[in-house]
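# Descriptive structure summary
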Amino acid sequence: MDVNGTVAEGFEPVREAFVRNFEVLGDRGAAVAVYRDGRLVVDLWAGTKDVDGTADSAPWERGTAQIVRSATKGVAAAALLLLHQRGLLDLDAPVGEYWPEFKAVGKERVLVRHVLSHRAGLPVLDRPLTPEEALDPLRGAEAVARQALVWEPGTDHGYHALTYGWLLGELVRRVTGRGVGEWIAEEIAGPVGADLWVGLPAAEAGRVGRSGRVEAPGNAGGLRSRPKRSVAEAYDDPASLTRRAFAAITPFPDQNDPAYRAASLPATNGIATAEGLARFYASLVGEVGGGPRLFTPGTLAAARAEESAGPDQVLVINTRFGLGYMLHGSASPFLDAGSFGHPGRGGSLGFADPESGIAFGYVTNGFSKTVTADARAQALVRGVRAAL
């Protein structure tokens, strides 16, 4: 495997894991980046730009970007936390205070905090959106505003796989007057110099490879290769919260469609380079290259303080969430107890570990069947841990 890029002395285990991901775990095209204390110590890429590429296909380059699915949620969450940090949004205020139409059908008690911690009780839509409807963020927000609660807000938690994006995006729009993708570009990605987008600009479209499903042979990553029976049953049952949450857009759009990539869906369609994703997380906890540190100590503490823990009503496994971020645990292991971040279904991962100064980003064009803990990403995390 021809691996390109650089690894600082001591971080060779990450390169070894990256090579093995291609040789054993089925990666076709991918990149990984790691910052430590604001310094880029791992910057690797390999394979082909397109998942279905042949040997003579365009190679993955340093600037190649890829859709990161739900790893987008970690970027989008920063928008609400920064609005709170600036005094423009109260995390303990009802969502309806900023979005009056949202209060319909008994949702007056849903707080902004509940949205970020997956406790809002709105993981499903009784009438799923079509792909065409989903590309209009106003249609998604209107659908969520009409939707009745599944549980009393704050009393339980369950992964808001798709509705999270419309909830968060409309709050940003109501508070700032700007779309969430525009706000992220101007207030997060631009200032810190991160190559990431929620709503891909036409000028950047040529950098993004085609994604698709890949199968990893066996259980070479050391993680469970088959889900527990209860989990599998939940995904198979059309009436379950699990199936309904992931079916809030039906059928799901083609993620290689330029129109899908250009839309602003802050739960699912962020696009980033590995270095851009790692730089974003590095900027949450410190300065990078003279850029601003995004989170104050108080905001950082809030982001990774446990808000939800235990059986997840949607994912049917035990999950832990802070405000907008998954926390280190069995469902999605990061580096250590203080780590916070977000995986993307099927592979991608971004997180920060303030205690060690590590910020991590992994993107791939080959999506596996995993939801929260992909074997390739976990192998790379183990490589980082071995380097420390």
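So, here is what we can say about the structure in this document. (Residues numbered from 1 in each chain as written. Predicted model: local features only at pLDDT ≥ 70, side-chain atom pairs only at ≥ 80, totals over all residues. Heavy atoms only, no water.)

This part takes up the packing of aromatic side chains. Per the stated rule, a full pass over the model turns up twelve aromatic pairs. Ring geometry for Tyr 281 versus Tyr 325: centroids 6.3 Å apart, planes at 70°, classification edge-to-face. Residue Tyr 281 is located in helix H12 (residues 274-285), and its partner Tyr 325 is located in the loop between strand E9 (318-321) and strand E10 (326-327); the two are separated by 44 residues in the primary sequence. For the pair shown, Tyr 281 and Tyr 325 are each scored as buried. With 5.1 Å between their ring centres and 20° between their planes, Phe 351 and Phe 360 make a pair best called stacked. Phe 360 carries the same exposure label as Phe 351, and that label is buried. Feature note: the residues Tyr 159, Tyr 235, Phe 246 and Phe 321 constitute an aromatic cluster, connected by ring pairs. One cation-aromatic arrangement involves Arg 69 over Phe 367; the distance from NZ or CZ to the ring centre is 3.9 Å. We note Arg 345 situated over the ring of Phe 246; from NZ or CZ to the ring centre the distance is 4.5 Å. (Phe/Tyr/Trp six-rings, centres within 6.5 Å; stacked < 30°, edge-to-face > 60°. Helix = DSSP H or I, 4+ residues; strand = E, 2+ residues; numbered from the N terminus. Buried < 20%, exposed > 50% of the residue type's maximum accessible area, 1.4 Å probe, protein only. Lys NZ or Arg CZ within 6 Å of the ring centre and 35° of its normal.)

In this model helix H8 (residues 180-192) runs 17 Å from its N-terminal to its C-terminal C-alpha over 13 residues, within 8% of the 18 Å that 1.5 Å per residue would give. Glu 186 marks the point of greatest bend in H8, at about 30°. For H8, the complete set of buried residues consists of Val 180, Gly 181, Trp 183, Ile 184, Glu 187, Ile 188, Ala 189 and Val 192. Along its buried surface, H8 packs onto helix H2 (72-85), helix H7 (163-176), strand E5 (196-197) and H12. A positive backbone phi angle near 70° is found at Gly 193, which sits one or two residues after H8. (Expected span 1.5 Å × (residues − 1). Bend = angle between axes of the 7 residues up to and from the residue. Contact = heavy atoms within 4.5 Å.)

This paragraph deals with the environment of Val 285. As for its position among the elements, Val 285 is in helix H12. Residues Val 285 and Pro 354 lie 69 residues apart in sequence; the distance between their C-alpha atoms is 6.3 Å. The residues contacting Val 285, other than those within four sequence positions of it, are Arg 293, Leu 300, Phe 340, Ala 352 and Pro 354.

Let us look at the packing of helix H1 (residues 12-23) against helix H14 (residues 375-387). In a packed pair of helices, the relevant descriptors are the angle between the two axes and the axis-to-axis distance. With their axes 7 Å apart at the nearest point, H1 and H14 run at an angle of 160° to one another. As summarised for this structure, H1 and H14 are arranged roughly antiparallel, according to the angle between their axes. Here H1 and H14 pass one another in a crossing that is right-handed. Here Pro 13, Val 14, Ala 17, Phe 18 and Asn 21 of H1 lie close against H14, whose contacting residues are Arg 376, Ala 379, Leu 380, Gly 383, Val 384 and Ala 386. Looking at the contact of H1 with H14, its residues break down into eight nonpolar, two polar and one charged. (Axes fitted to C-alpha atoms, helices over the stretch in contact; angles between N-to-C directions. Parallel < 35°, antiparallel > 145°, perpendicular 65-115°, else oblique. Left-handed = near helix turned anticlockwise from the far one by under 90°. Nonpolar A, V, L, I, M, F, W, Y, C, P; charged D, E, K, R; others polar.)

Turning next to the pattern of salt bridges. Within this structure, the stated rule accounts for 21 salt bridges. For Asp 27, the salt bridge goes to Arg 376, with nearest N and O atoms at 3.0 Å. Here Asp 27, found in the loop between H1 and strand E2 (29-36), pairs with Arg 376, found in helix H14; they are 349 residues apart in sequence, far enough to count as distant. For the pair Asp 27 and Arg 376, one class covers both residues: buried. Here Arg 174 makes a salt bridge to Glu 170, at a shortest N to O gap of 2.7 Å. Of this pair, Arg 174 and Glu 170 are both found in helix H7, four residues apart, which corresponds to roughly one turn of the helix. Under the relative-accessibility criterion, Arg 174 is labelled partly exposed at 30%. For Glu 170, a relative accessible area of 4% corresponds to the buried category. Here the salt bridges do not stand alone but share partners, grouping Arg 86, Arg 178, Glu 186 and Glu 187 into one network. (Salt bridge = Lys/Arg side-chain N within 4 Å of Asp/Glu carboxyl O.)

Our next topic: the sheet that holds strand E7 (residues 271-272). A sheet is described by the order of its strands in space; here three strands give the open sequence E4-E7-E5, paired in antiparallel fashion. Of all the strands in the sheet, the pair left with one neighbour each is strand E4 (66-67) and E5. Sheet topology places E4 next to E7; two bridges connect them, and they run antiparallel. Residue pairing in the sheet places Ile 67 in a bridge with Ile 271 of E7. (Pairing = 2+ DSSP bridges.)

On to unusual backbone geometry. Geometrically, the link from Thr 250 to Pro 251 is a cis peptide bond, its omega value of -10° lying close to zero. In this structure, Pro 251 sits in the loop between helix H10 (241-246) and helix H11 (258-262). Even without a glycine there, the phi angle at Arg 69 is positive, about 50°. Position of Arg 69 among the secondary structure elements: in the loop between E4 and H2. By relative accessible area, which is 18% here, Arg 69 ends up buried. For Val 105, which is not a glycine, the phi torsion comes out positive at approximately 45°. Mapped onto the elements of the fold, Val 105 is located in the loop between helix H3 (95-98) and helix H4 (112-116).

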